[in-house]
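Residues per chain, in single letters:
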There are 2 protein chains.
Amino acid sequence: MKTEIPKPTLARLVKLSRLLEQIANTEGENAVISSTEIEKLTGWTRDTVRRDISFLNASCAKAGGYDVLLLKQTIQSRIAVQTGEAKCCLVGLGRLGEALINYGGFDGTAFSLVAGFDSSVNRTEILSAPFPLYTTTKMQAVIAAQNIEYAILAVPSSAAQSTAQKLAEYGIKGIVNFTPVVLSLPANIKIENVSVLDALQKLAAERAVLGEKK
Amino acid sequence: MKTEIPKPTLARLVKLSRLLEQIANTEGENAVISSTEIEKLTGWTRDTVRRDISFLNASCAKAGGYDVLLLKQTIQSRIAVQTGEAKCCLVGLGRLGEALINYGGFDGTAFSLVAGFDSSVNRTEILSAPFPLYTTTKMQAVIAAQNIEYAILAVPSSAAQSTAQKLAEYGIKGIVNFTPVVLSLPANIKIENVSVLDALQKLAAERAVLGEKK
């Protein structure tokens, strides 16, 4: 394994690769971006951007800045090398779960959505998905058989903690938590909370800190 | 306005208040939590927790730790004082937007969802919501009339940047971005990206940094 990239740098590179993808899509494959332009778009200082990119040990420089497409591909392959391919499952097939079934964003990434679970056989039969849907009773067997590493949790709040604990028992290594519940799990289980309220509170808190609001 | 709370502290207090809410719900109104327990649940050091809480300038101490309910209420009211009430709108009423319409998490928070927008009059007429739904053509007028500060962006990726720019023009101060598009907006418009892929990549990156995965 290459030198590990520090977590904050990885997090920024992940965002940067998505930004570069957008630019490549709009400006074409010959697009070039300077660290100053990246600073403008992201708010990270040029020095931070340059240092982050230096972790890639690859020259993506070009007259006027970085080769957008090359830099994007380098970041994604480097992150993929570091993280590897990973299978994910979707737990909870209510309205939100249904919306997530059709999330196309995984194409061309290191992640694949391979299974969905819901406690109601009704939902698993009504919904159509590009991957098999099972009742929750099959969760342990499917996660083990398919070696699923990550779970996207979209169950009702009342079931969030208990479901998360089961997922941890069944060997899930990380959970993307779409419920407003703050999950309490063993430290080796990573959690990323995805919450619209949390996001709004961060926006408001940020503005408050900036003194824009009383 | 009281002393401003630093952004990282505010962000942690926001999470802590949600954690305390969970504990209060399960353990009842007399629940007590120590900074050590908070450290276990959140991963923040006791010193960080104590320092964050000290910004509240209020004693929530009790034998054995903090009064969970009192601390939660103190944090929420303090954050509300700093951020104030805020109106939000939902932009994009596809599957995800439909799921978000029914997100109940705003009750008792400083935020209220007061309007929804979609380019298709079909969706605005078919869907039922606890707030009015309008076609996108009404966006500017409604945002101005209702003094809406935040937008939850759930439009297709192809429309994300152009819609975000309109929202910025119309006076929106912050956007919760549910699209995978990295938005490029003036620095005074705050953006919080909510992305399942981003969350998965953070989980994977975190594990990689921890050396759990090659």
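About the cut-offs
- Residues numbered from 1 in each chain as written.
- Chains lettered and ligands numbered in written order.
- Predicted model: local features only at pLDDT ≥ 70, side-chain atom pairs only at ≥ 80, totals over all residues.
- Heavy atoms only, no water.
- Pairing = 2+ DSSP bridges.
- Helix = DSSP H or I, 4+ residues; strand = E, 2+ residues; numbered from the N terminus.
- Least-squares fit on C-alpha atoms with pLDDT ≥ 70 in both.
- Contact = heavy atoms within 4.5 Å.
- Buried < 20%, exposed > 50% of the residue type's maximum accessible area, 1.4 Å probe, protein only.
- Right-handed = clockwise from strand over helix to strand, strands pointing away.
- pLDDT = per-residue confidence, 0-100.

**What about the sheet that holds strand β2 (residues 61–62) of chain A?**
Residue and element names in this part refer to chain A.
Then step 1. Within the open sheet, the three strands sit side by side as β1-β3-β2. Their pairing is antiparallel. Edge strands, defined here as strands with exactly one partner in the open sheet, are β1 (32–33) and β2.
Then step 2. Bridge analysis of β1 against strand β3 (residues 65–67) gives two bridges, and the strand direction is antiparallel. Residue pairing across strands places Ile33 opposite Tyr66, the latter belonging to β3.

**Concerning the relation of the copies chain B and chain A**
Then step 1. Between the two copies, chain B and chain A, the superposition gives an RMSD of 0.0 Å; the rotation angle is 180 degrees and the shift along the axis is 0.0 Å. What we have between these two chains is a two-fold relation.
Then step 2. Counting the interface residues of chain B, we find that 99% of their copies in chain A are interface residues as well, pointing to one common contact surface.

**Some thoughts on the environment of Ile175(B)**
Then step 1. The residue Ile175(B) is located in strand β8 (residues 174–177) in this model.
Then step 2. Along the sequence, Ile175(B) and Glu192(B) sit 17 residues apart, while their C-alpha atoms lie 6.3 Å from each other.

**Thoughts on the pairing of strand β5 (residues 111–118) of chain A**
It is a general feature of regular strands that their side chains alternate between the two faces of the sheet.
Residue and element names in this part refer to chain A.
Then step 1. By the criterion of burial, β5 is predominantly enclosed, with seven of the eight residues buried.
Then step 2. Bridge count between β5 and strand β6 (residues 133–135): three bridges; the pairing is parallel. By the bridge assignment, Phe117 is partnered in β6 with Tyr134.

**A look at the pairing of strand β8 (residues 174–177) of chain A**
Residue and element names in this part refer to chain A.
Then step 1. Because side chains alternate across β8, one face comprises the buried residues Gly174 and Val176, and the other comprises Ile175 and Asn177, equally buried.
Then step 2. In this fold, strand β7 (residues 150–153) hands off to helix α8 (residues 157–169), which returns the chain to β8; that crossover is right-handed.
Then step 3. Where β8 and strand β9 (residues 190–193) come together, four bridges link them in parallel fashion. Looking across to β9, one finds that Ile175 is bridged to Ile191.

**A closer look at the confidence of the model for chain A**
Then step 1. This prediction gives chain A a mean pLDDT of 86; 92% of its residues lie at or above 70.
Then step 2. Here the complex is predicted with pTM 0.70, and the ipTM for its interfaces comes to 0.71.

**Some thoughts on the environment of Ser17(A)**
Residues and elements named next belong to chain A.
Then step 1. Inspection of the secondary structure puts Ser17 in helix α1 (residues 7–27).
Then step 2. A sequence separation of 54 residues divides Ser17 from Leu71, and the C-alpha atoms of the two residues are 7.7 Å apart.
Then step 3. The residues touching Ser17, leaving out its near neighbours within four places in the chain, are Lys72, Ile75 and Gln76.

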